[in-house]
Amino acid sequence: MVSKIKKYYNDHQFIKTLALFTAVLIPWIFAVVILRDVEKSALQYEDNTHQECSNDPSVYHTKLKELQKPFAEAKEVTASCLECHTERHKEILQSTHWRWEKEDIKDGNTSLYIGKKTSINNFCIGTQSNEKTCTRCHIGYGFADKEFDFNDANSIDCLVCHDNTSTYKKESGKAGYPATGENAPDYNYIAQNVCSPKRENCGKCHFWGGGGNNVKHGDLDKALLDCSREVDVHMTTEGADMSCIECHQTENHNITGRNYSNTYSNSNRVKCEQCHQDKPHDDHLINDHTVKVSCQTCHIPEYARANATKMTWDWSTAGKLDEDGNPYHIEDAEGNHTYLSIKGDFTWAKNVVPDYIWFNGTADHYTLGDNIESIPVQMNTMNGDYNCANSKIYPMKIMRGKQPYDPVNNYIIQVNTFGEEKGDSAYWQDFKWEPAIAKGMKYIDLPWSGKFDFVETEMYMPINHMVAPVENTVGCTECHSRNGRLSKLDGFYMPGRDRIASIDNIAIGLIIFSLLAVLIHGIIRIFSSRKTKA
């Protein structure tokens, strides 16, 4: 029997090969499985409350002795971070998020600095003289006034961007510091649970800019933390679940992306083509549109699709008090403030169809001290037209405001709004324009005539988020029609929207001629057939 098996084995090379392959492979399979389990066990956290970093870090901060010691205040955490991350502070100290300004190029040749630190808008007006409250959205500690030291590495707030526990927050009116005492954050727990920035980290400032959720941009909303495909196909937790930094790619703490409320040049921008290329569609006709139409124009049919956004802000009505002399507020049915004594009247809107303009990526800005040349005052001007090679049609939110200006010097006024107690001239404490204006203008070293009034303003903000599913994108006839989305754009001919009288007359003439020709042809055929029968 044994000899028969040996003869069968020798006569069948396939069986021989299979047996050898099995003998070698099975031990390797067991080895891989065992090693994988060992590695997985080695990477488990000792602290079960730790939230695993989605970026799979090579170092687990729960194990670092530098983060085991007790921290009495926020700057001590920064000092511990810098013990290991010895060079990172040099990158941060040069970043726009830290300095609140950046050197930029205006008109292709003029170098200047512009940023949140010195710019002005038609929301809360400006940060200058109000730093203590505005710097809640600064990545540092102690930015209370213009004497802040931008070269002090220990003032960097590492946790505001890298907290992975959702427990860290800054206090309002405390110059970027968190709460103290019994309400202070658990610095050890937070420092041991850090990670690359999540949507929540970015959203703490970018969702809440202008004083509330979705107030400013219209497409940056707390809803993006956990939204459906219908709100945003990129950030939806039902699908891609992307973080901000997957598009706003970051190197050496330089985060790509530009805020066109305070930038001039077409540089460091985030573009859809980073992932989707310049011809992403199967239909070549749609691809041809991308030469002059931005992706956002078709793929973001409305903004503020989850929560309303502020559309107007009228400072001239601020200062009303109730019968007891206290400030008050009025809300709409959705809880949005339509009036605040400290800020005035507002209007809100939801599911807003954008305005559309030609935009080439460059912009101009109203800066403090500029003479008012037209009304509404353009707080920023998006450059571009059809004949500009780099221009495309972009969707915009246009914020409309009414804010204080000096009618004698003919420029917009910087107001000191924030104060910690009554009697320090701050408008939000005393509700008196004159002392608040005087203090704000002195702070920025601009003369004030002693007179003030209110002027209408406009500010443009590109719509880039809340990308809709493909089935909800803008349809062809929504633009290619007489009163469609692009009816206000001029300088070019659009089929379905525009008329050229001479061409229309020629076409009508040809139609009439064709109908007459058919009629004459039919009459001739009728008569000729009668003659044939006769």
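Thresholds, definitions, all that
- Residues numbered from 1 in each chain as written.
- Predicted model: local features only at pLDDT ≥ 70, side-chain atom pairs only at ≥ 80, totals over all residues.
- Heavy atoms only, no water.
- Helix = DSSP H or I, 4+ residues; strand = E, 2+ residues; numbered from the N terminus.
- Buried < 20%, exposed > 50% of the residue type's maximum accessible area, 1.4 Å probe, protein only.
- Contact = heavy atoms within 4.5 Å.
- Areas by Shrake-Rupley, 256 points an atom, 1.4 Å probe, with all protein chains shown as cover.
- Phe/Tyr/Trp six-rings, centres within 6.5 Å; stacked < 30°, edge-to-face > 60°.
- Lys, Arg positive; Asp, Glu negative; His and termini not counted.
- Salt bridge = Lys/Arg side-chain N within 4 Å of Asp/Glu carboxyl O.
- pLDDT = per-residue confidence, 0-100.
- Pairing = 2+ DSSP bridges.
- Core = buried A, V, L, I, M, F, W, Y, C linked by side-chain atoms within 4.5 Å.
- Arc of directions from axis to C-beta.
- Patch = residues over 30% accessible without salt bridge, like charges linked within 9 Å, V, L, I, M, F, W, Y side chains within 5 Å.
- Polar contact = N/O pair within 3.5 Å; in protein donor to acceptor, adjacent residues only side chain to side chain.

Our focus in this paragraph is the overall build of the chain. Counting secondary structure elements, the chain contains 16 helices and 15 strands. By residue count, 40% of the 534 residues in the chain fall in the buried class. Taking all contacts inside the chain whose residues are at least 6 apart in sequence as the whole, residues at least 24 apart take part in 67%. Summing over all exposed atoms, the chain offers an accessible surface of approximately 29900 Å²; the carbon and sulfur share of this is 55%.

Relative to the elements of secondary structure, Gly401 occurs in strand S13 (residues 392-406). Gly401 gets classed as buried once you look at its relative accessible area, which sits at 9%. Each C-alpha atom, one on Gly401 and one on Thr457, is 5.0 Å from the other, the two residues being 56 residues apart in sequence.

Following the criterion strictly, the structure yields 22 aromatic pairs and no others. With a centroid separation of 5.0 Å and an interplanar angle of 15°, the aromatic rings of Phe143 and Phe148 are classed as stacked. On the basis of relative accessible area, Phe148 is assigned to the buried category, the value being 10%. Judged by centre distance (5.5 Å) and plane angle (65°), the rings of Trp358 and Tyr386 are edge-to-face. With a gap of 28 residues between them, Trp358 in strand S9 (residues 355-359) and Tyr386 in the loop between strand S12 (380-382) and S13 connect regions that are remote in the sequence. Looking at Trp358, the relative accessible area reads 7%, which means it is buried.

Looking at the secondary structure, you find Asp221 in the loop between helix H9 (199-206) and strand S3 (250-251). Buried charge without a partner: Asp221 forms no salt bridge, and the closest opposite charge is Lys222, 6.6 Å away. Ignoring any residue separated from it by four or fewer positions in sequence, one finds Asp221 in contact with Phe207, Asn213, Asn214, Ala306, Asn307 and Met466.

For the chain, mean pLDDT is 89; residues scoring 70 or higher make up 89% of the total. Across residues 31-52, where pLDDT falls below 50, the model places 19 contacts with residues more than four positions away in sequence or in other chains.

Let us now look at the pairing of strand S8 (residues 344-349). Where strand S5 (residues 309-314) meets S8, five bridges bridge the pair, whose relative direction is antiparallel. Opposite Asp314, over in S8, you have Asp345 as the bridge partner. One ladder, built from two bridges, connects strand S7 (residues 337-340) with S8; its direction is antiparallel. Along S8, the bridge assignment pairs Leu340 with Gly344. Counted along the chain from S7 to the antiparallel partner S8, the turn is three residues long.

The next thing to look at is the nonpolar core. Core analysis: the biggest nonpolar cluster contains 34 residues, and Ile412, Val415 and Trp433 have the highest contact counts within it. Breaking this core down by element, the ones donating at least two residues are S8, S13, strand S14 (411-412), helix H14 (433-443) and strand S15 (453-462). The element best represented in this core is H14, accounting for five residues. Not counting the four nearest positions on each side in its chain, Val415 is found in contact with Ile125, Gln128, Ser129, Asn130, Pro404, Tyr427, Trp433, Ala436, Ile437 and Gly440. In terms of nonpolar packing, the next biggest core, distinct from the first, is built from 25 residues, Cys81, Trp98, Ile139 and Ala153 among them.

So, on to H14. Considered for burial, the residues of H14 that qualify are Trp433, Ala436, Ile437, Gly440, Met441 and Tyr443. Each buried residue of H14 lies within a common arc of 155° when the element is viewed along its axis, so the set occupies one face. Those residues of H14 that are buried are in contact with helix H6 (131-134), S13, S14, helix H13 (427-430) and S15. Among the residues trailing H14, Asp445 stands out with phi positive, at a value near 60°.

On the surface, a cluster of nonpolar side chains totalling about 760 Å² of accessible area is made up of Ile508, Ile512, Leu516, Leu519, Ile520, Ile523, Ile524 and Phe527. Mapped onto the secondary structure, Ile523 falls in helix H16 (residues 501-533). Residue Ile523 is classed as partly exposed on the basis of its relative accessible area, which comes to 39%.

Now for the pattern of salt bridges. Here the structure, examined in full by the defined rule, presents 19 salt bridges. A salt bridge links Lys350 to Glu334; the shortest N-O distance between them is 4.0 Å. A residue pair is termed long-range when its members are at least 10 positions apart, and Lys350 in the loop between S8 and S9 and Glu334 in the loop between strand S6 (329-331) and S7 qualify at 16 residues. On the basis of relative accessibility, which here comes to 36%, the residue Lys350 falls in the partly exposed class. For Glu334, a relative accessible area of 53% corresponds to the exposed category. Here the salt bridges share partners, and the residues they tie into one network are Glu302, Glu478 and Arg485.

Our focus in this paragraph is the pairing of S7. Pairing of S6 with S7 involves three bridges; the strand directions are antiparallel. Bridge pairing in S7 places His329 opposite Leu340. What sits between S6 and S7 in their antiparallel hairpin is a turn of five residues, with Gly335 showing a positive phi close to 90°.

What follows is about the side chain of Gln414. Mapped onto the elements, Gln414 comes out in the loop between S14 and H13. In this structure Gln414 comes out as buried when scored by relative accessible area, which is 0%. There is a polar contact of 3.2 Å between the side chain of Gln414 and the backbone oxygen of Gln128. Discounting chain neighbours no more than four positions away, the residues touching Gln414 are Ile125, Gly126, Gln128, Ser129, Asn130, Leu368, Ile437, Gly440, Met441 and Ile444.

Let us now look at unusual backbone geometry. Leave glycine aside and you will find that most residues have negative phi; peptide bonds, for their part, are mostly trans. Omega for the peptide link from Ile375 to Pro376 comes to 5°, which places this bond in the cis form. Relative to the elements of secondary structure, Pro376 occurs in the loop between strand S10 (363-365) and strand S11 (377-378). Of note, Asn252 is a non-glycine position whose phi angle comes to about 55°, a positive value. Inspection of the secondary structure assignment puts Asn252 in the loop between S3 and strand S4 (254-255). Residue Asn410 is not a glycine yet carries a positive backbone phi of 60°.

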